[in-house]
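Each chain, written out:
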Amino acid sequence: MSAEDLENYETDMELALYREYRDVVGLFAYVVETERRFYLANQVDLQVRSAGGEVFFELTLQDAWVWDVYRSARFVKQVRVVTFKDVNVEELAKAELELP
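Residues numbered from 1 in each chain as written. Predicted model: local features only at pLDDT ≥ 70, side-chain atom pairs only at ≥ 80, totals over all residues. Heavy atoms only, no water.

### Observations concerning a nonpolar patch on the surface
Part 1 of the argument: Taken together, the side chains of Met1, Leu6 and Tyr9 define a hydrophobic patch exposed on the protein surface, amounting to about 380 Å² of accessible area.
Part 2 of the argument: On the secondary structure map, leucine 6 appears in helix H1 (residues 3-24). (Patch = residues over 30% accessible without salt bridge, like charges linked within 9 Å, V, L, I, M, F, W, Y side chains within 5 Å. Areas by Shrake-Rupley, 256 points an atom, 1.4 Å probe, with all protein chains shown as cover. Salt bridge = Lys/Arg side-chain N within 4 Å of Asp/Glu carboxyl O. Helix = DSSP H or I, 4+ residues; strand = E, 2+ residues; numbered from the N terminus.)

### Quick look at the nonpolar core
Part 1 of the argument: Val32, Tyr39, Ala41, Phe57, Leu59, Leu61, Ala64, Val66, Val76, Val79, Val81 and Val87 together form the largest nonpolar core, which totals twelve residues.
Part 2 of the argument: Every element with two or more residues in this core is listed here: strand E2 (38-51), strand E3 (54-66) and strand E4 (75-83).
Part 3 of the argument: Broken down by element, the residue count for this core peaks at five residues, all from E3.
Part 4 of the argument: Each residue touching leucine 61, except ones within four places of it in the same chain, is listed here: Val32, Tyr39, Ala41, Gln43, Val44, Lys77, Gln78 and Val79. (Core = buried A, V, L, I, M, F, W, Y, C linked by side-chain atoms within 4.5 Å. Buried < 20%, exposed > 50% of the residue type's maximum accessible area, 1.4 Å probe, protein only. Contact = heavy atoms within 4.5 Å.)

This is how it looks when you write it as structure tokens:
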């Protein structure tokens, strides 16, 4: 496999992941960004903790989808993340008009 073949494969995988995201984003209530991952989730619990003078975040997500091109199963029942880095949680706006 050449470097060009590998690059084309990765591009195709990223495009497929974007299409999957576009198809599933309407199923979720929150977008969550951490230093390492991007998630969609229906329940989010964010706790600020401290230990030894350091502050960290403990994040628990229920019914989640993980943006990771190399993951075979992106739908996850529960995710627990512990990080010292920033965490961004946004509630997704629901469409006001739902088509039957």
